[in-house]
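Structural overview
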Amino acid sequence: EKVSVEVLDRLEHLALVDFRDAEGVERLQKAVQFADQLHEVNTDGIEPMDSVLEDRCLYLREDDVTEGNCTKELLENAREKVEEYFVAPPGNIPLPKLEERDTFLQGS
Amino acid sequence: VSEALKEGRVTPTELCQRCLSLIKSTRFLNAYITVAEETALKQAEASEERYKRGQPLGVLDGIPIAVKDNFNTAGIETTCASNMLRGYVSPYNATVVQKLLDQGAVLLGKTNLDEFAMGSGSTDGVFGPVRNPWSYSRQYKEKSVPESHSEDKEPDWVITGGSSGGSAAAVSSFTCFAALGSDTGGSTRNPAAHCGVVGLKPTYGLISRHGLIPLVNSMDVPGILTRCVDDAAVVLGSLAGHDPKDSTTIQDNFKPFELPNLTDVSKLSIGIPKEYHAPGLSSEILSLWSKAADLFQNAGAKVVEVSLPHTRYSIVCYHVLCTAEVASNMARFDGLEYGHRSDMNESTESMYAATRREGFNDVVRGRILSGNYFLLKQNYEKYFIKAQKVRRLIANDFVKVFRSGIDVLLTPTTLSDAAPYLEFIKEDNRTRSAQDDILTQAANMAGLPAINVPTALSERGLPVGLQFIGRSFQEQQLLTVAKWFEKQVQFPLIQLEEVKIHDRGVFQHQKSASFS
């Protein structure tokens, strides 16, 4: 049972990462096949486990400011900035649809 | 060597310089991505001042160490061996790095790894693969069949294992006395076994992950690589404990300990999990494992075969949980605040997509896509939740075994000795990881402490290690047993040929090769 092109396209949108070539797609197909082995295990009545420390209380510290004022250091690693802002290209423009995008999946 | 520093037989700056020059002469190993020569020398000088005043900060003062390049180090480039973080200079130190520096350790540099710690060979980083120092040892060369068709062709070098291969190679080749790695599926113990060094994976929650660039938040731990078990205990002592900056560290008080010299093992109960006799386990390692069990039995310990029935599913389970967490953790790399940024400027989404296409290699992208697949609404229950349930089964297996009176489990660490690079790259990263992680992964799944102890040389002259898995937060017991075992097996010192003779002076003597 292969993963459909619609799902592959959706994954590229969600992950904002491309499959790049047939090998990439094949890699996913194999990964899913591999994961299917999980279904051999009987997990009736078993609760999912999020963390091995589930029996303990998570530490929450006091809501006091202990550090900060490091705007300059934090901005240093950004490539595009203006005053104290990170600069991004225009938002709210979705990734082009499959037919219009430059992706390997086109023509699949 | 700590004694030597205290007594003034060697100074921190001398030690630092020797290590730095050794790093230069072993550059072909490609163990280091960044060598912080200037800052290291400054740290060494500061340490020297303290020793002159008779006020060293502790055992680690002046000791040269290396750190895997997925830990943030202030002022020093942190790349995770990826194009995504090339040129990224952290504004802060990871907690574990800060702790080591506070103890006076001298940070020599950042070591090489698989890109974003994904892999089991240390071959998939953008700075190239790491070579196992044992490839250049007399022990390996004596056993290899000479290539008939060339004299000056590169020797058939073997991999270090991964993903903390650079750290393991650095410790193994004497360029530092301890190194930090990370362990998510075996990434500290695997290269430790292949490079003949001690690799400790502490209990999840014992050591802070603040500043460790995350792979799988629920399984990652900082790992410790050293040349002997006592050293690992010292480093553990300086790193363990609650960190307010990492709320997954437990709040119990941690007391650093010194390891006793165990002589009587008759009260010990060693478990031998039969499922660890995995398909593909080399007969050599099988026999070493068996000999080790006999060793314990003959010394009076109780050696019992036990069962961890869900072992064979740990890799599949890991595959799903890891890719899911990776999909989430890698989402932060969008080029806006740090790291690589593409020139594409049409829209935020297209810039993110282009940045990530340019910055990540195939392995990382593959895992992100798989992870997103398993997290799709239609797949969530079927794969992600299912894997979490299987995780509980795996963790419960261990609980049952330890509850039945077993103190420590003894298993092999790897399926075979280190493979030649050319052999290793014939299969892709996921296949290799699935094969190689099988013996180490379950401990991460259950959050248990585990340690690789170098045991013997294989027929090819390469190191083979055995693994001990302990109870949660019982590092003292685990390390005590490991130390006893280490003493029994007397693993040989590597005989590096390509290293200049005068550099070996300080390191030849077994006692000086460790700092505790």
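Please refer to the structure placed before this passage.
Residues numbered from 1 in each chain as written. Chains lettered and ligands numbered in written order. Predicted model: local features only at pLDDT ≥ 70, side-chain atom pairs only at ≥ 80, totals over all residues. Heavy atoms only, no water.

Observations concerning the overall build of chain B
- In terms of regular secondary structure, chain B is built from 18 helices and 11 strands.
- Computed over C-alpha atoms, the radius of gyration of chain B comes to 22 Å, within 12% of the 24 Å expected from 2.2 N^0.38 for 516 residues, which places it in the range of a compact globule.
- Projected onto its principal axes, the C-alpha coordinates of chain B cover approximately 65 × 60 × 55 Å.
- Out of the 516 residues in chain B, the part that is buried amounts to 65%.
- Taking all contacts inside chain B whose residues are at least 6 apart in sequence as the whole, residues at least 24 apart take part in 78%.
- With an accessible surface of roughly 18200 Å², chain B has 49% of that area assigned to carbon and sulfur atoms.
- Taking the average place of the 53 positive charges on the side chains of chain B and the average place of its 57 negative ones, the gap between the two points comes to 4 Å. (Helix = DSSP H or I, 4+ residues; strand = E, 2+ residues; numbered from the N terminus. Rg over C-alpha atoms; globule rule 2.2 N^0.38 Å. Buried < 20%, exposed > 50% of the residue type's maximum accessible area, 1.4 Å probe, protein only. Contact = heavy atoms within 4.5 Å. Areas by Shrake-Rupley, 256 points an atom, 1.4 Å probe, with all protein chains shown as cover. Lys, Arg positive; Asp, Glu negative; His and termini not counted. Charge placed at Lys NZ, Arg CZ, Asp CG, Glu CD.)

Considering the nonpolar core
- In this structure, Phe116, Phe296, Tyr373, Phe398, Leu410 and Phe468 of chain B are the most contacted members of the largest nonpolar core, which totals 139 residues.
- At 11 residues, the largest contribution of residues to this core is made by helix 13 (residues 377-403) of chain B.
- In contact with Tyr373 of chain B, other than residues within four places in its own chain, are Val3, Val7, Leu11, Leu28 and Val32 of chain A together with Asn379 and Tyr383 of chain B.
- Counting 31 residues, the second largest nonpolar core, distinct from the first, contains Ala31, Ala66, Ala192 and Val197 of chain B. (Core = buried A, V, L, I, M, F, W, Y, C linked by side-chain atoms within 4.5 Å.)

Side note on the pattern of salt bridges
- A full pass over the atoms with the stated rule returns 21 salt bridges over all chains.
- Between Asp362 of chain B and Arg27 of chain A there is a salt bridge, with its nearest N and O atoms 4.0 Å apart. A residue pair is termed interchain when its members come from two chains, as with Asp362 of chain B in helix 12 (residues 362-375) and Arg27 of chain A in helix 2 (residues 22-35).
- Between Glu54 of chain A and Arg392 of chain B there is a salt bridge; the shortest N-O distance is 2.8 Å. In this pair, Glu54 of chain A sits in the loop between helix 2 and helix 3 (71-76) while Arg392 of chain B sits in helix 13, so the two residues belong to two different chains.
- Connected through shared salt-bridge partners, Asp18, Arg20, Glu23 and Arg27 of chain A together with Arg357, Asp362 and Arg365 of chain B make up one network. (Salt bridge = Lys/Arg side-chain N within 4 Å of Asp/Glu carboxyl O.)

Observations concerning helix 2 of chain A
- End to end, helix 2 of chain A covers 20 Å across 14 residues, agreeing with the expected 20 Å (1.5 Å per residue, within 8%).
- Within the sequence span of helix 2 of chain A, burial applies to Gly24, Val25, Leu28, Gln29, Ala31, Val32, Phe34 and Ala35 of chain A.
- Next to the buried residues of helix 2 of chain A lie helix 1 (5-15) of chain A together with helix 10 (314-329), helix 12, helix 13 and helix 15 (429-436) of chain B. (Expected span 1.5 Å × (residues − 1).)

Looking at the interface of chain B and chain A
- With 71 residues of chain B at the interface, the matching set in chain A holds 57 residues.
- Carbon and sulfur atoms supply 61% of the area buried between chain B and chain A, which totals about 5800 Å² over both sides.
- Our count for the contact surface shared by chain B and chain A stands at 7 salt bridges.
- Counting residues per element, the side of chain B that touches chain A draws most heavily on helix 13 of chain B, at 13 residues. (Buried area = accessible area lost by both parts, 1.4 Å probe.)

What about the packing of aromatic side chains?
Residue and element names in this part refer to chain B.
- Under the criterion given, the structure shown has 17 aromatic pairs over all chains.
- Three or more aromatic residues joined by ring pairs make a cluster, and in this case those are Tyr88, Phe116, Phe333, Tyr338 and Phe360.
- Over the aromatic face of Phe177 sits the side chain of Arg227, whose NZ or CZ is 5.0 Å from the ring centroid. (Phe/Tyr/Trp six-rings, centres within 6.5 Å; stacked < 30°, edge-to-face > 60°. Lys NZ or Arg CZ within 6 Å of the ring centre and 35° of its normal.)

Overview of helix 11 (residues 348-359) of chain B
- The end-to-end C-alpha separation of helix 11 of chain B is 16 Å, in line with the 16 Å expected for 12 residues at 1.5 Å each.
- Buried within helix 11 of chain B we find Thr348, Ser350, Met351, Ala353, Ala354, Thr355, Arg356 and Gly359 of chain B.
- Contacts from the buried residues of helix 11 of chain B go to helix 1 of chain A together with helix 12 of chain B.

Description of the packing of helix 9 (residues 283-298) of chain B against helix 17 (residues 475-489) of chain B
All names here are of chain B.
- Orientation of helix 9 relative to helix 17, taken along the N-to-C sense of each, is 105 degrees, at an axis distance of 12 Å. Put simply, helix 9 runs roughly perpendicular to helix 17. Contact with helix 9, carried on its side by Ala292, Leu295 and Phe296, involves Val481, Trp484, Phe485 and Gln488 of helix 17 and no other residues of that element.
- Here the residues of the contact of helix 9 with helix 17 sort into 6 nonpolar, 1 polar and no charged. (Axes fitted to C-alpha atoms, helices over the stretch in contact; angles between N-to-C directions. Parallel < 35°, antiparallel > 145°, perpendicular 65-115°, else oblique. Nonpolar A, V, L, I, M, F, W, Y, C, P; charged D, E, K, R; others polar.)

A few points about the side chain of Ser458 of chain B
- Of note, Ser458 of chain B is situated in the loop between strand 10 (450-457) and strand 11 (463-469).
- Overall, Ser458 of chain B belongs to the buried group, its relative accessible area being 4%.

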